[in-house]
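# Topology and contacts: notes
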Amino acid sequence: MPSRIAIIGAGPGGLLCARVLQRHGIAVTVYDSDASVTARDPGGTLDLHADSGQIALEDAGLMADFLRLARLEDQAKRRLDHHGNVLHTFVPDAGDAAAPEIDRGRLRALLAAHVEPGTVRWGHRLTTAVPLGGGRHRLEFADGGHAEADLVIGADGAWSRVRPLLSDAVPAYTGISFLDVRYDDADHRHPRIAAIVGEGHMFARDDDGRAIIAQRNSDGLVRAYLAMRTGLDWHTEADVDLRDSGAVRRFLLREFGGWSERLLPFLTEADDSGFVHRPIWALPAPLTWAHVPGVTLLGDAAHLMAPFGGFGVNLALLDAAELARAIAEEPTLDQAVIRYEATMLPRSGPLAAGANDALARFFAPGDFATARVPDHEAEHRHYREAAARYRLDGVWTVSFRTPRGRQESELVLAAGTEAVTGTFDGAAIEDGRLDGTGLSFSAVLTSPFRVRVAFTASIDGDTMSGQAKAPMMTIPITGTRRAA
């Protein structure tokens, strides 16, 4: 009998996991509490990093579709103080695709459109998962329905109903609350806001824990988060009804009283959708658990963290792709989950701790003008280099033309922390290095005669191109990484 795999949650992580599983011919069912993929406002824009989210989309066969929807220009960043002074700007180079932006709703719709029809059971809110022994679980839903699964994958976010099977950890309030607001058709209806935001993201902060974080979305929308370091029940204590937009505006004008008139439209011009309260929660970091047969977590269910750094959705997508690959390649579901968790847990822990610390530092009292500015150029360079290193490991087929005709050779590579090791046609490579996306190594070949050849190549996803240099000739080479 085929294994029954159930994914709880049809967010980006859950849907991508289903997509990759199905590409490997593995059946899966996804359950989600939403009535449809468009049933609610999915939130703002996301930057998908070359070393994580984009790798997952490559595994899903959806990179070309993603790039048709992505906005490279919106990688720009602008930093202001609360007087409206521009302190720092970052403009990406032309063609920079290290971290393009895409609306969360568009990403979710893209993924939902590329799983097999009937994969997602919409309107299925999980209430509990009951262990049955032997790794099997009974899933019980709010409508009285139920199902059984040999593997339950919790992709159900911050308040996961699957997590209690593995850990008693629950999210804690970080002390920071956002009010999510929209400015539709911003260039025409809200030109002052559009001009301040420019392309991409705008961060403005005072010296006492208040901030305005704004971002370009698709279709002319600007979205902003009016952020405060405050208690969780600040609106109750201030006697502010969040459904009363006028009362919220009056509160904000008092709260942001020392801010420049130039920035006050962010508080007063929000569209009729009003103010959505989004307290920022985080799980303990690093979070680990003992392996339990038949269940695992991915994304926010496993490592909910502060939004600073943009790691949340990127890790969710990479988690999903790696878990699906492990299921396809390992002989049992249990071995697949053990392999997946051995990589996912140590990777996510430090990133979660760092993101939570960055949130705390951003909202700590102090002069924003003298605070350390993130080096976005270095970040983008890191994403590209880490992507090349991630994709380097494995078996490559290298093609080149010699006086004897076109030849193919097997290149096996492994990227260590200091050097690249492996073999070329069975001969050990020497002096292996990966510098950014540039690979170099040498090997002593014995056929048709003994000769040392120096190789240099540039890595681009699952392909490489470069040259092989021997004492008497230099020839171009190309390479393709074999599918696992």
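Attention in this report is confined to the structure presented alongside it. (Residues numbered from 1 in each chain as written. Predicted model: local features only at pLDDT ≥ 70, side-chain atom pairs only at ≥ 80, totals over all residues. Heavy atoms only, no water.)

### Notes on the sheet that holds strand S2 (residues 29–31)
Read across the open sheet, the 5 strands follow the order S7-S2-S1-S11-S17; overall the sheet is parallel. Unpaired on one side and paired on the other, strand S7 (120–121) and strand S17 (295–297) mark the two borders of the sheet. For S2 and S7, the ladder comprises 2 bridges, and the chain directions are parallel. Within the sheet, the bridge partner assigned to Val30 lies in S7 and is Val120. Helix-sheet contacts for helix H1 (residues 12–23) involve strand S1 (5–8), S2, S7 and strand S11 (151–154), and the interaxial angle to S1 is about 155°. In the packing of helix H12 (residues 333–362) onto the sheet, contacts are made with S1, S11 and S17, and the angle to S17 comes to roughly 25°. (Pairing = 2+ DSSP bridges. Helix = DSSP H or I, 4+ residues; strand = E, 2+ residues; numbered from the N terminus. Contact = heavy atoms within 4.5 Å. Axes fitted to C-alpha atoms, helices over the stretch in contact; angles between N-to-C directions.)

### Some details on the packing of helix H11 (residues 311–329) against H12
For the pair H11 and H12, the least separation of the axes is 8 Å and the interaxial angle reads 160°. Here H11 lies roughly antiparallel to H12, going by the angle between them. The handedness of the crossing between H11 and H12 comes out as right-handed. The segment H11 lies against H12, with Phe311, Leu315, Leu318, Asp319, Glu322, Leu323, Arg325, Ala326, Ile327 and Glu329 engaging Leu333, Ala336, Arg339, Tyr340, Thr343, Met344, Arg347, Ser348 and Leu351. Residue composition of the contact of H11 with H12, grouped by class: 11 nonpolar, 2 polar and 6 charged. (Parallel < 35°, antiparallel > 145°, perpendicular 65-115°, else oblique. Left-handed = near helix turned anticlockwise from the far one by under 90°. Nonpolar A, V, L, I, M, F, W, Y, C, P; charged D, E, K, R; others polar.)

### Brief notes about the pairing of strand S10 (residues 146–149)
Residues of S10 alternate between two faces, with Ala147 and Ala149 buried on one and His146 and Glu148 left unburied on the opposite face. Two strands pair when backbone bridges link them, and strand S9 (residues 136–141) and S10 are joined in this way by 4 bridges, in the antiparallel orientation. Paired with Arg138 across the strands is Glu148, a residue of S10. What sits between S9 and S10 in their antiparallel hairpin is a turn of 4 residues, with Gly144 showing a positive phi close to 95°. (Buried < 20%, exposed > 50% of the residue type's maximum accessible area, 1.4 Å probe, protein only.)

### Here's the deal with the nonpolar core
Ranked by internal contacts, the top residues of the largest apolar core, which has 67 residues, are Leu16, Cys17, Leu48, Leu139, Ile153 and Ile327. Considering each element in turn, this core owes the most residues, 8 residues, to H11. Excluding residues that lie within four positions of it along the chain, Ile153 makes contacts with Ile5, Ala6, Ile7, Ile8, Cys17, Thr296, Leu298, Leu323 and Ile327. Counting residues in hydrophobic clusters, the runner-up holds 31 residues, among them Ala194, Ala214, Val222 and Ala224. (Core = buried A, V, L, I, M, F, W, Y, C linked by side-chain atoms within 4.5 Å.)

### Structural notes on unusual backbone geometry
Of all residues except glycine, most have a negative phi; of all peptide bonds, most are trans. Here the residue pair Ala285 and Pro286 is connected by a cis peptide bond, since its omega of -5° sits within 30 degrees of zero. Topologically, Pro286 is positioned in the loop between strand S16 (276–282) and S17. In this model, Asp219 sits at a positive phi of 60°, which is unusual for a non-glycine residue. We classify Asp219 as exposed; its relative accessible area is 67%. Despite not being glycine, Asp431 has its phi angle at roughly 55°, a positive value. Structurally, Asp431 is set in strand S22 (residues 430–435).

### Regarding the packing of aromatic side chains
In total, this model carries 14 aromatic pairs according to the counting rule given. Each ring, one from Phe308 and one from Phe363, has its centre 6.3 Å from the other, and the planes form 55°; the classification is tilted. Of the two residues, Phe308 is situated in the loop between helix H10 (300–303) and H11 and Phe363 in the loop between H12 and helix H13 (376–392); the sequence distance between them amounts to 55 residues. Comparing Phe308 with Phe363, the two get one shared label, buried. Counting every residue linked through ring pairs, the aromatic cluster contains Phe178, Tyr225, Phe308, Phe362 and Phe363. (Phe/Tyr/Trp six-rings, centres within 6.5 Å; stacked < 30°, edge-to-face > 60°.)

### Focus: the environment of Ser245
The residue Ser245 is located in helix H8 (residues 245–255) in this model. Sequence separation between Ser245 and Ser273 is 28 residues, and the spatial gap between their C-alpha atoms is 9.2 Å. Other than its neighbours up to four places away in sequence, Ser245 contacts Gly274 and Phe275.

### Focus: a negative patch on the surface
A cluster of acidic residues, Asp93, Asp375, Glu377 and Glu379, forms a negative patch at the surface. Looking at Glu377, the relative accessible area reads 52%, which means it is exposed. (Patch = residues over 30% accessible without salt bridge, like charges linked within 9 Å, V, L, I, M, F, W, Y side chains within 5 Å. Areas by Shrake-Rupley, 256 points an atom, 1.4 Å probe, with all protein chains shown as cover. Salt bridge = Lys/Arg side-chain N within 4 Å of Asp/Glu carboxyl O. Lys, Arg positive; Asp, Glu negative; His and termini not counted. Charge placed at Lys NZ, Arg CZ, Asp CG, Glu CD.)

In short, the description is geometric, and any link to function would need to be established separately.
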